[in-house]
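Below are the chains, spelled out letter by letter.
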Amino acid sequence: MSPKTVDIDATPEWAAVREHADRLRDTHLRDLFASDADRADAMTVEAAGLVADYSKHRVDDPALSALFALARAADVEGHRDAMFRGEKINTTENRAVLHVALRAPRDAEIVVDGENVVAQVHEVLDRMAAFSDRVRSGEWVGSTGKRIRTVVNIGIGGSDLGPRMAYEALKPYADPQITCRFVSNVDGDDLASNVEGLDPAETLFIVASKTFTTLETMTNARAARDWLTSNLDGADVAKHFVAVSTNLGEVEKFGIDPANTFGFWDWVGGRYSFDSAIGLSLMVAIGPSRFRELLDGMHEVDEHFRTAPLESNLPAIMGLLGLWYREFFNAQSHAVLPYAHYLSRFTDYLQQLDMESNGKRVRRDGTPVDYQTGPIVWGTPGTNGQHAYYQLIHQGTTLIPADFLAFLHPAHELGNQHDLLIANVLAQAEALAFGKTAEQVAAEGVAPELVPHRTFPGNHPSTTLVVEKLTPRTLGALVALYEHKVFVQGAIWQINSFDQWGVELGKALAQRIVPELSSDDELTHDSSTNALIRRYRAARRGA
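For clarity, every value in this text was computed on a predicted model and none was experimentally measured.

Student: Tell me about the layout of surface pockets, and name the residues and values.
Tutor: In this structure, the largest pocket occupies an estimated 1000 Å³ of space. Taken together, 38 residues line the largest pocket, and the ones lying closest to its centre are T214, G270, Q500, E504 and K507. Listing elements by their share of the lining of the largest pocket, those giving two or more residues are α7 (158-169), α9 (215-231), α14 (346-358) and α19 (504-516). Per-element accounting of the lining of the largest pocket gives the leading share, five residues, to α19. Of the residues in the lining of the largest pocket, the class split is 15 nonpolar, 14 polar and nine charged. Taken as a whole, the second largest pocket encloses approximately 610 Å³ of empty space. Every residue lining the second largest pocket is counted, 24 residues in all, and those nearest its centre are A340, H341, P410, H418 and L421. Going through the elements one at a time, β12 (402-409) and α16 (417-434) are the ones with two or more residues in the lining of the second largest pocket. Split into classes, the residues belonging to the lining of the second largest pocket amount to 13 nonpolar, 10 polar and one charged.

Student: Before we move on, could you go through the domain arrangement of the protein and cite the residues and values that matter?
Tutor: Annotation of the protein at the domain level lists domain 1 (107-290) and domain 2 (502-542). Taken over C-alpha atoms, the centre of domain 1 sits 33 Å from the centre of domain 2.

Student: Can you break down the packing of helix α6 (residues 117-137) against helix α12 (residues 288-307) residue by residue, with the values?
Tutor: Taken N-terminus to C-terminus, the directions of α6 and α12 make an angle of 145 degrees; their axes are 9 Å apart at the nearest point. On the side of α6, the interface is formed by H122, L125, D126, M128, A129, S132, D133 and R136, while α12 contributes P288, F291, R292 and L295. In terms of residue class, the contact of α6 with α12 is made up of six nonpolar, two polar and four charged.

Student: Can you break down the packing of aromatic side chains residue by residue, with the values?
Tutor: Evaluated as defined, the whole model comprises 22 aromatic pairs. Taking the centre distance of 5.8 Å and the plane angle of 50 degrees together, the rings of Y167 and F182 count as tilted. Of this pair, Y167 sits in helix α7 while F182 sits in strand β6 (residues 179-183), and the two are 15 residues apart along the sequence. Of the two residues, Y167 and F182, both sit in the buried class. In this structure an aromatic cluster arises from ring pairing among W14, W324, Y325, F328, F329 and Y371. Positioned over the ring face of F254 is R225, at 4.3 Å from the centre of the ring.

Student: How would you sum up the pattern of salt bridges? Please name residues and give values.
Tutor: All chains considered together, the criterion is met by 29 salt bridges. Between R292 and D126 there is a salt bridge, with the nearest N and O atoms lying 3.1 Å from each other. Pair noted here: R292 is in helix α12 and D126 is in helix α6, with a separation of 166 residues, a long-range link. What you see here is one network of salt bridges that share partners, running through R103, D275, D302 and E483.

Student: Could you give an account of helix α13 (residues 314-328), naming the residues involved and the relevant values?
Tutor: Between the first and last C-alpha of α13 there are 21 Å, a value that for 15 residues agrees with the 21 Å anticipated at 1.5 Å per step. Of all 15 residues that make up α13, 15 are buried, and the element is covered over most of its length. Residue N330 follows α13 closely and has a positive phi angle near 60 degrees.

Student: I'd like a description of the sheet that holds strand β8 (residues 241-244), backed by residues and values.
Tutor: Pairing is parallel in the open sheet, where five strands are placed in the order β6-β5-β7-β8-β9. Every interior strand has two partners, whereas the edge strands, β6 and β9 (261-262), have only one. Bridging between β8 and β9 involves two bridges; their strand directions are parallel. Bridge pairing in β9 places V244 opposite F262. With respect to the sheet, helix α8 (residues 188-195) is in contact with β6 and β7 (203-208), its orientation differing from that of β6 by roughly 165 degrees.

Quick notes on the rules
- In every chain, residue numbers begin from 1 and rise along the written sequence.
- For a predicted model such as this one, the threshold for reporting local features is a pLDDT of at least 70, and the threshold for listing and counting side-chain atom pairs is 80 or more; totals across whole chains, interfaces and linings nevertheless cover every residue.
- No hydrogens and no water enter the side-chain calculation; it runs on all heavy atoms of the structure.
- Only protein atoms enter the 1 Å grid, on which a cavity is a set of points fitting a 1.4 Å probe that cannot get out and a pocket is an open set with protein on both sides within 12 Å along at least 5 of 7 lines, lining residues being those with an atom within 4 Å of a point.
- Grid points are joined across faces, edges and corners, and a volume is the space filled by probe spheres set on the points.
- For the purposes of this entry, the term helix denotes a DSSP run of H or I that reaches at least four residues, the term strand denotes a run of E that reaches at least two, and both are numbered from the N terminus.
- The residue classification treats Ala, Val, Leu, Ile, Met, Phe, Trp, Tyr, Cys and Pro as nonpolar and Asp, Glu, Lys and Arg as charged. All others, Gly included, are polar.
- Where a domain begins and ends is set by an automatic assignment or by a domain database.
- To obtain an axis, a line is fitted to C-alpha atoms, over the contacting stretch when the element is a helix, and the angle between two such axes runs from 0 to 180 degrees between their N-to-C directions.
- Note on contacts: a residue pair qualifies if any of its non-hydrogen atoms lie within 4.5 Å across the two residues.
- Aromatic pairing here means that ring centres of Phe, Tyr or Trp (its six-membered ring) are within 6.5 Å. Orientation follows from the plane angle: under 30 degrees is stacked, over 60 is edge-to-face, and everything else is tilted.
- The rule is simple: take the accessible area with a 1.4 Å probe, protein chains only, and divide by the maximum for that residue type; under 20% is buried, over 50% is exposed, in between is partly exposed.
- Each ring is checked for a lysine NZ or an arginine CZ that lies within 6 Å of its centre and within 35 degrees of its normal; such an atom marks a charge sitting over the ring.
- For this document, the term salt bridge refers to a Lys or Arg side-chain nitrogen within 4 Å of an Asp or Glu carboxyl oxygen.
- Here the expected span of a helix is defined as 1.5 Å times the quantity of residues minus one.
- The pairing criterion is simple: DSSP has to find at least two bridges between the two strands.

Below, the structure written as structure tokens:
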């Protein structure tokens, strides 16, 4: 049975964590380091090629012990084990949560409703690999016999953010003869700009929609089909469109051969899905063997999360530290700062993973939470952020815990540029932690009236994640790390991290408004919405 909901903030373990937070609230990281020469060694953990130094956090051993006790009071381990067993822990939709099955080895067995889902996963992966090889080799050709040069993925949410992020991250591993583009926004400018300059005879569209009825995705898919047929005489839609869907009837009506449809399952949430058939565009780009390396990296972290004690469990530690600041220090946001150009979309991806999962206001039993849940996740790669918002982190009034991601080897060696990059990431973490006192500033001869302006309080917490190199395997490990971190926090908050009903209300209202924009029907919205609809009507009619 799935773990029961408990009144977690009424437990003695919650109270104990709060006591430690109060005890450490005014303790500076300078003092924590000064009192423990072995702090960095003791607070470094390794897993699946990831090394995490979490010593620059405002915690000590007693506080960490209290956090681990809180996790056990919330039965994080039991909830985790239920997930891996295939129990239906997504209680509001009565579904299992089994993204871990997407990267399980071929001989593994996870049974859901009497079927080994791992066998189903590998059947789809094998079909994806065969298709990808055909496209990459030039065997798959378009209507005129030309090989495919551009793959356009049409999706939304997890059907876009995941494969788009991974494609950008793994460009050094991509086939240079094939370019991938991604269309998600229902704004027509998105599709128009992505097909501009393309040869339709060399273009393949992948339409990713489980139901094949998603409004944004199917609007873009139909527009893409119109673009193809109007720009390519005698275009055979079936040679330029494939689908990732479970609705074979709608796929066939669209003009796609059901044989070129790749399915997935209701136990795969969209934001956890790019390692399923949703990642078909990525597999075409990097090839099946590299895609399997990505899955291997994910599985390695899955096994670490499943088996390691909480005290050395990297996702658990990161999840608990995030909860420590969100809950007991009122930190409203969390910055993820990858010092790697190719991770330009990584934080975008994590925004959906974290905020759609844990942006909840009721617990699993439907009762309201009376504590804080999911943080706002944000950040940009490399040194760009240093010239944008680091000022606020260093000297502002808001506490913003941060994750720094550093890679020991770059994809491209250009002089000493990587040394400069790594020097910056290490310096920023150090500066945030230790700052610069007024006495240090004054000792440099700074004019007294400027000393307050050039003082850095420090005591800003961060984790530094060190990775050998950005590869398919390490990207997979990073993604799985954050998936399980989010899981840990949701389990402690007693919320269902795997539904997303909050996405639906605005979409439902939009369906009502669409016909009203071009009609003269009486409007029955609030006065603001009515006035805005009238303004739009007038503008479109040239009034």
